[in-house]
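Coordinates in review
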Number of protein chains: 2
Amino acid sequence: MIIDGKKIAEEIKNTLRGGGLKLAIIAVAPDEASKKFIEKKEKFAKEIGVETRIYELPQDISTSQLRQKMAEISHILENDGVILQLPLPEHIKTQYVLNGIIANKDVDVLSSRAFGDFATGHSKILPPVVSAIKIIFEKYKVDVRNKNIIVVGAGRLVGKPAATWLINQEATVSVLNEFTPDISKFTRDADIIVTGTGKPGLIKPDMIKDGVIIIDAGSLVGDVDPAVEKKASLFTPVPGGIGPLTVAMVFKNLIELNRK
Amino acid sequence: MIIDGKKIAEEIKNTLRGGGLKLAIIAVAPDEASKKFIEKKEKFAKEIGVETRIYELPQDISTSQLRQKMAEISHILENDGVILQLPLPEHIKTQYVLNGIIANKDVDVLSSRAFGDFATGHSKILPPVVSAIKIIFEKYKVDVRNKNIIVVGAGRLVGKPAATWLINQEATVSVLNEFTPDISKFTRDADIIVTGTGKPGLIKPDMIKDGVIIIDAGSLVGDVDPAVEKKASLFTPVPGGIGPLTVAMVFKNLIELNRK
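Quick notes on the rules
- Residues numbered from 1 in each chain as written.
- Chains lettered and ligands numbered in written order.
- Predicted model: local features only at pLDDT ≥ 70, side-chain atom pairs only at ≥ 80, totals over all residues.
- Helix = DSSP H or I, 4+ residues; strand = E, 2+ residues; numbered from the N terminus.
- Rg over C-alpha atoms; globule rule 2.2 N^0.38 Å.
- Buried ≥ 20, exposed ≤ 12 C-beta atoms within 10 Å, placed from the backbone.
- Contact = placed C-beta atoms within 7 Å.
- Axes fitted to C-alpha atoms, helices over the stretch in contact; angles between N-to-C directions.
- Parallel < 35°, antiparallel > 145°, perpendicular 65-115°, else oblique.
- Left-handed = near helix turned anticlockwise from the far one by under 90°.
- Least-squares fit on C-alpha atoms with pLDDT ≥ 70 in both.
- Core = buried A, V, L, I, M, F, W, Y, C linked by C-beta atoms within 7 Å.
- Domains from an automatic or database assignment.
- Pairing = 2+ DSSP bridges.
- Nonpolar A, V, L, I, M, F, W, Y, C, P; charged D, E, K, R; others polar.
- Expected span 1.5 Å × (residues − 1).
- Arc of directions from axis to C-beta.
- Right-handed = clockwise from strand over helix to strand, strands pointing away.

Turning next to the overall build of chain A. A tally of helices and strands in chain A yields nine helices and eight strands. A compact globule built from 260 residues should have a C-alpha radius of gyration of about 18 Å, and chain A, at 18 Å, falls within 12% of that. If one aligns the C-alpha atoms of chain A with their principal axes, the spans along those axes are about 50 × 40 × 35 Å. Within chain A, buried positions represent 49% of all 260 residues. Sequence-distant contacts in chain A: of pairs separated by 6 or more residues, those separated by 24 or more amount to 62%.

It is worth spelling out the packing of helix α1 (residues 5–13) of chain B against helix α9 (residues 242–257) of chain B at this point. All names here are of chain B. Running from amino to carboxyl end, α1 crosses α9 at an angle of 20 degrees, the nearest separation of the two axes being 7 Å. Viewed along their axes, α1 and α9 adopt a mutual orientation that is roughly parallel. The handedness of the crossing between α1 and α9 is left-handed. Between α1 and α9, the contacting residues are Gly5, Lys6, Ile8, Ala9, Ile12 and Lys13 on the first element and Ile242, Gly243, Pro244, Leu245, Val247 and Ala248 on the second.

This part covers the relation of the copies chain B and chain A. Overlaying chain B on chain A yields an RMSD of 0.0 Å, the required transformation being a rotation through 180 degrees with an accompanying axial translation of 0.0 Å. The symmetry that links the two subunits is that of a two-fold axis. The fraction of interface residues of chain B whose copies in chain A are also interface residues reaches 100%, indicating that both copies meet through the same surface.

Attention now goes to the nonpolar core. Inside soluble globular proteins, nonpolar side chains tend to come together where they are buried. Residues Ile193(A) and Ile193(B) are the most contacted members of the largest nonpolar core, which totals 160 residues. Sort the elements by how many residues they give to this core and α9(B) lands first, with nine residues. Setting aside its immediate chain neighbours within four residues, Ile193(A) contacts Ile150(A), Val152(A), Thr187(A), Ile203(A), Ile208(A), Val212(A), Ile214(A) and Ile215(A).

Time to look at the domain arrangement of chain A. When cut into domains, chain A gives domain 1 (16–107) and domain 2 (128–244). The centre of domain 1 of chain A, based on its C-alpha atoms, is set 27 Å off from the matching centre of domain 2 of chain A.

Next up on the list: the sheet that holds strand β1 (residues 22–28) of chain A. Residues and elements named next belong to chain A. Across the sheet, three strands lie side by side as β2-β1-β3; this open sheet has parallel pairing. A single partner strand is all that each edge strand has here, and the edge strands are β2 (51–57) and β3 (81–84). The sheet shows a mean angle of 20 degrees between the axes of neighbouring strands, direction not considered. Across the sheet, helix α3 (residues 63–75) lies against β1, β2 and β3, angled at about 170 degrees from β1, the strand it touches most.

This part takes up unusual backbone geometry. All names here are of chain A. In this chain, Val238 is followed by Pro239 through a cis amide linkage whose omega measures 0 degrees. Mapped onto the elements of the fold, Pro239 is located in the loop between β8 (234–236) and α9 (242–257). Even without glycine at this site, Ala29 takes up a positive phi of about 40 degrees. Non-glycine residue Glu170 carries a positive phi angle of around 65 degrees. Here Glu170 is to be found in the loop between α7 (159–168) and β5 (172–176).

As a measure of interface size, the accessible area lost when the parts come together is often cited. Tallying the contact residues gives 27 residues for chain B and 27 residues for chain A. By residue number, the principal contributor to the side of chain B that touches chain A is helix α5 (residues 112–119) of chain B, which donates six residues. A breakdown of the residues in the side of chain B that touches chain A according to their chemical character gives ten nonpolar, twelve polar and five charged. Across three bridges, β5(A) lies against strand β5 (residues 172–176) of chain B in antiparallel orientation. Bridging across to β5(B), Val175(A) finds its partner in Val173(B).

All names here are of chain A. Taking 1.5 Å per residue as the helical rise, helix α2 (residues 32–48) with its 17 residues ought to reach 24 Å, and the 25 Å between its terminal C-alpha atoms agrees with that figure. Within the sequence span of α2, burial applies to Phe37, Phe44, Ala45 and Ile48. Viewed end-on, α2 has its buried residues packed into an arc of 105 degrees, placing them on one side of the element. Exposed residues on α2 whose side chains face more than 90 degrees from its buried face are Glu32, Lys36, Glu39, Lys43 and Lys46. Buried positions along α2 lie against α1 (5–13), β1, β2 and α9. Gly49 occupies a position one or two residues after α2 and carries a positive phi of about 85 degrees.

Residues and elements named next belong to chain B. Relative to strand β2 (residues 51–57), strand β1 (residues 22–28) runs parallel, the two being bridged by seven bridges. The residue bridging Leu23 from the neighbouring strand is Thr52, located in β2. Following the backbone out of β1, through helix α2 (residues 32–48) and into the adjacent parallel β2, one traces a crossover that is right-handed.

When two helices pack together, their arrangement is given by the angle between the helix axes and by the axis-to-axis distance. Residues and elements named next belong to chain A. One can describe the packing of α2 onto α9 by two numbers: an axis separation of 10 Å at closest approach and a directional angle of 55 degrees. One finds that α2 runs oblique with respect to α9. As for the relative orientation of α2 and α9, their crossing is right-handed in sense. Within the contact between the two elements, α2 uses Lys40, Lys41, Phe44, Ala45 and Ile48 and α9 uses Val247, Ala248, Val250 and Phe251. Within the contact of α2 with α9, the residues separate by chemical class into seven nonpolar, no polar and two charged.

Along the chain, the position of Glu78(A) falls in the loop between α3 and β3. Along the backbone, Glu78(A) and Leu23(A) are 55 residues apart, and their C-alpha atoms lie at a distance of 8.9 Å.

Residue and element names in this part refer to chain B. On the secondary structure map, Ser74 appears in helix α3 (residues 63–75). Separated by 31 residues in the primary sequence, Ser74 and Lys105 have C-alpha atoms spaced 7.3 Å apart. Residues contacting Ser74, with those up to four places away along its chain left out, are Asn79, Val82, Gly100, Ile101, Ile102 and Lys105.

Right, let's talk about the sheet that holds strand β7 (residues 213–216) of chain B for a bit. Within the open sheet, the ten strands sit side by side as β8(A)-β7(A)-β6(A)-β4(A)-β5(A)-β5(B)-β4(B)-β6(B)-β7(B)-β8(B). Their pairing is mixed. Because the sheet does not close on itself, it has two edges, and the strands there are β8 of chain A together with β8 (234–236) of chain B. Within the sheet, the average angular offset between the axes of one strand and its neighbour, ignoring direction, is 10 degrees. The pairing of strand β7 (residues 213–216) of chain A with β8(A) spans three bridges and is classified as parallel. By the bridge assignment, Ile215(A) is partnered in β8(A) with Thr236(A).

See the structure below:
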C-alpha cells in the first residue's frame, strides 16, 4: 500500500493556525533543489497564515560571519522560528552555525541544545522528519517494539534523528551507512526500513522481504526503487510521501514552540 | 586476549593532575552498589589530588527538591564538577534532575545540554564510558568503520552514549534491548559487541563468532559469560575492564572542563 503523504499533510494543514507567526529562512547561495524546498515552505506558510522572511546570503560568506548572522536573525524578537536551509557550502562548519539558532526558535531541532533536549526525551517538539514518521506509524498502527528496524544513512536530517528516536522508543535498530559492506544482509530481514541517503534506487525489490514497511525519506528522488511496492505492506513514495509531511511538521513545531 | 582495564587505568592515573579541583557527588539513599562506586571515585580522586564532597540525600526527597538541590550544588563556585550517582529512587524524574547540572561541570555528560553537545559533535569531552571504549579501540587499533557492531542495551550510562558515538564514527551499529526477540541472531554475526544491560551471563559463547571483540560494560557482574574468552580476540572482563577505565575518564573530564 502506497501512503499518500500529500493528502495526510493537507489534512494536518487544515488543523494548523499560523496566527501571523513569523518564520525566518536563511539560505546560503541556494541551488535549485534548495530553492524548491524553500518555495514549498513559503507556500505552506501562506496557506496557514505564517509570514516567511527569506534571508539569502552569498556563497563566499565565512563560518563566523554566517554564525553571527544566524544569531542576529535568531534574536530579532519578531522572528518566531528560524530555519537554516541545508546543505551549506563545503567550507562552512554547519553544526557551529546551527548552534546560533536559539533553542526555542529551532523548529528543525538541529542545534546542539535542541537536539540534546530531543535525544534525552526532554523536548516538547520532535525533529520534523521524526514527527512525520510518527504520524504514519500512529495512523497505520505500527508498533516499533519487537520489530527489526533498519535505518539506512546516518545524516543530520533523517538517519540520525530517526535512529535516536527509534532507540528511545525501545525499538531494535540497525544504522547503516556508505561504509556498510553489504546493506542487503540487513535489509532482507527488516520489518521496517527508514532510508534517507539521497541515493536514487538504492533499495531494490530483491533486498527486502514481503510485507516490509518502507519509509523513503529521500529528498528529490527516492532512495527506493518504486518496484518495491509489490512487496511492501506500507510504502511512502518520493515525491508525495514523507516530504510534504515533514514540511507540515516544521509548521506544527513553529506553532508548538510559540504556544503561550 | 583479556584486557587489563585496571592496569590501563593506573597508567592514565599517573598522567592526571587533580590540582585541588573539587568534585561534588550527590547520592540519594545509595545502596551498597552505589556506595561501592562512590568509594572508588573517592579513592581515585584522593590519589590524583581532587577533593570530593559527598552529598547524601534521603530516599523520600521529591523530584523538585532534588532538582533544586542539584542546581544549588552545581552553582557553588568551588564545585568544579558535579556527579549525580545513579540510579535514583523510582519516583524521581531522573533526566529532569540531571538537567540541574551546569553543562561545564557535567563530567558524566548526562544533562540534555551536555548530551546534545556530545551527540552533535560539539563537545570537548565524551561520556566516560565512551572515552573508556575509545581508549581500548585506539590501543588495540580497532577501526570501527566497516565493522558490524552490536550494542546490547540502550541505557543512559552505556548503550545510548556508546551507540550515539559509534553512529557518529560512521560505524554500522545495531542497538538491541530487552524487547529484541532473539539477540543471538545479531550477536552471532557481530565483529564487535558492546554490552551494558546488567544481566549477568547474558552473552554466552555459542552466541558469538570466533575473533569477536567484546566490551562488557556491565557493572558489578559482567553481562558476558567469562567462557567467551576462548573465542574472543579482545575481551574486557568485569570486574577490572571498562569499570576502572570509566572512573579514570570521569576525572579526565573534570580536568578537561576546568582547563583554563
